[in-house]
Amino acid sequence: MSDTPLNPYAVLPLDPAFVEVATALAEEICCPLLSEGDDPEQFEVLLQVGADGLSLQATGKKAPGAINADFLAGATAHRRKFGGGKGQMIAKAVGIKGGIRPQVLDVTAGLGKDAFVLATLGCEMILVERSPVIHALLRDGLERAGQDPEVAEIVAHMQLHHANSIDWMREQTASGERYQVVYVDPMFPHNDKSALVKKEMRVFRPVVGDDTDAEELLEAALAIAENRVVVKRPRKAPTIGTRAPSYQLEGKSSRYDIYTLKKLG
C-alpha cells in the first residue's frame, strides 16, 4: 500500500449528460475533473454531479454514502415540520421570543441546516462559507429548494456568500456594518457516536479540515455583532479562547455559548 497522501477532492460527473456542468464546476473550484477510466480512489472525496444535484462521496472501502444539502426531505424536512418551533434550544440561543426574530449572520454555514431552522422560524439569514466545495453543495441545495413551493419562501430568507469568514467580517466591520446576532459553529473532533455525525465528519474533514483559527473567528464575530454572538460546541468541549461566555444553554450532546453585548429588542 502506498504512503503517498491522497489528493483531497475531484469533481465526477455521474452521467455523460452532466460533463459540461461538472467541467464548469471543476474550473470554478480549481480542482481536477475525473473522466472515464480515471481512478477515483486517488482522491479522498468526490464532488459528484448528477440528476439529483451535487453530492459529496468519500472513496475507499466501507466509505459512507454520499451527503448533500437537502432541504426538501430527510432529517431537515422532518425538523422543519416537527422540530419544536420556538422551543428549540437554537431558537432560544439566538434570542427568538415573542415577536423578536433577529437578523443572524452564520459565518460557518456548512450544509445550512441550522440556518434553515432559523429561517423557518422567521429570521433573516446571511450565510458565509469559505470552503469552495461546501459552498457549491449548499448553493446547489438552496437552488433546488428554491424551486419547491413548500420551502421557496424560507430559502428566500437565506443569502449565501463564498468568502473567508474572518476576512469578510473584518471588511464588513471596517465599513460600519453590524449584524444583530452572529452564529459560529466551528469544526471540532466529534465525540458523538451517531452514524450521521461520523458520516458527515468523515466526508467533510478532508475538504475543510479543523478550524484552527476558531479564536480569531470568535473575535471577528464579537467585533461585528450588535447584540450577541452564539457559539455551538460539543457539550463537554472547552470554550473558545479565554473570554468566558455570558451564559450557556446545554443539551444532551451539544451546548451554546452565548456572548451578550446588548439586549435584543
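Residues numbered from 1 in each chain as written. Predicted model: local features only at pLDDT ≥ 70, side-chain atom pairs only at ≥ 80, totals over all residues. Heavy atoms only, no water.

## Digging into helix H7 (residues 165-174)
At step 1: Within H7, the full set of buried residues consists of Ser 165, Ile 166, Trp 168, Met 169, Gln 172 and Thr 173. Each buried residue of H7 sits inside an arc of 165° when the element is viewed along its axis, so together they form one side. The exposed set on the far side of H7, more than 90 degrees from its buried face, consists of Glu 171 and Ala 174.
At step 2: The inward-facing, buried residues of H7 abut strand E4 (104-106), strand E5 (125-129), strand E6 (158-162), strand E7 (179-184) and helix H9 (214-224). (Buried < 20%, exposed > 50% of the residue type's maximum accessible area, 1.4 Å probe, protein only. Helix = DSSP H or I, 4+ residues; strand = E, 2+ residues; numbered from the N terminus. Arc of directions from axis to C-beta. Contact = heavy atoms within 4.5 Å.)

## Concerning the confidence of the model for the chain
At step 1: Scored by pLDDT, the chain has a mean of 89; 88% of the residues are at 70 or more.
At step 2: Predicted confidence for residues 1-5 stays below pLDDT 50, and this span has zero contacts to residues more than four positions away or in other chains.
At step 3: For the stretch residues 190-196, pLDDT sits under 50, and the model shows eight contacts to residues farther than four places along the chain or on other chains. (pLDDT = per-residue confidence, 0-100.)

## Concerning the sheet that holds E6
At step 1: Ordered by their spatial adjacency, seven strands build an open sheet running E6-E5-E4-E7-E8-E10-E9, and the pairing between neighbours is mixed. Only two strands of the sheet have a single partner each, and these edge strands are E6 and strand E9 (247-250). Averaged over all neighbouring strand pairs, the angle between strand axes comes to 20°, with direction disregarded.
At step 2: Relative to E5, E4 is paired through three bridges, and the arrangement is parallel. Residue pairing across strands places Leu 105 opposite Ile 126, the latter belonging to E5.
At step 3: The sheet contacts of helix H4 (residues 113-120) involve E4, E5, E6, E7 and strand E8 (225-234), and relative to E5 the element is tilted by about 175°. (Pairing = 2+ DSSP bridges. Axes fitted to C-alpha atoms, helices over the stretch in contact; angles between N-to-C directions.)

## A word on unusual backbone geometry
At step 1: You will see that Cys 30, though not glycine, has its phi angle at about 60°, which is positive.
At step 2: Residue placement: Cys 30 occurs in the loop between helix H1 (19-29) and strand E2 (43-50).
At step 3: Classification of Cys 30 by relative accessible area gives exposed; the value is 69%.
At step 4: Residue Lys 62 is not a glycine yet carries a positive backbone phi of 60°.
At step 5: Inspection of the secondary structure assignment puts Lys 62 in the loop between strand E3 (53-58) and helix H2 (74-82).

## Regarding the pairing of E2
At step 1: Burial analysis of E2 places seven of its eight residues in the buried class, the great majority of the element.
At step 2: Sheet topology note: the E2/E3 ladder contains six bridges and is antiparallel. Within the sheet, the bridge partner assigned to Leu 47 lies in E3 and is Leu 56.
At step 3: Where E2 hands over to E3, the hairpin turn is made up of two residues, counted between the paired strands.

## Comments concerning the packing of aromatic side chains
At step 1: Under the criterion given, the structure shown has three aromatic pairs.
At step 2: Considering the side-chain rings of Phe 71 and Phe 116, the 4.9 Å spacing of their centres and the 35° angle between planes classify their relative orientation as tilted. With Phe 71 in the loop between E3 and H2 and Phe 116 in helix H4, the pair connects residues that are 45 residues apart, well separated along the chain. The exposure classification of Phe 71 matches that of Phe 116, with both residues buried.
At step 3: Between the aromatic rings of Tyr 183 and Tyr 256, the centroid separation amounts to 6.4 Å while the plane-to-plane angle is 40°, which identifies the pairing as tilted. A residue pair is termed long-range when its members are at least 10 positions apart, and Tyr 183 in strand E7 and Tyr 256 in strand E10 (residues 254-260) qualify at 73 residues. (Phe/Tyr/Trp six-rings, centres within 6.5 Å; stacked < 30°, edge-to-face > 60°.)

## Considering the packing of H2 against H4
At step 1: Axis separation between H2 and H4 bottoms out at 10 Å; the angle between their running directions is 25°. Between H2 and H4, the angle is such that the two are roughly parallel. Read as a crossing pair, H2 and H4 show a hand that is right-handed. Seen from H2, the contacting residues are Thr 76, Arg 79 and Arg 80; seen from H4, they are Lys 113, Asp 114, Phe 116, Val 117 and Thr 120.
At step 2: Each residue belonging to the contact of H2 with H4 can be placed in one class, and the counts come to two nonpolar, two polar and four charged. (Parallel < 35°, antiparallel > 145°, perpendicular 65-115°, else oblique. Left-handed = near helix turned anticlockwise from the far one by under 90°. Nonpolar A, V, L, I, M, F, W, Y, C, P; charged D, E, K, R; others polar.)

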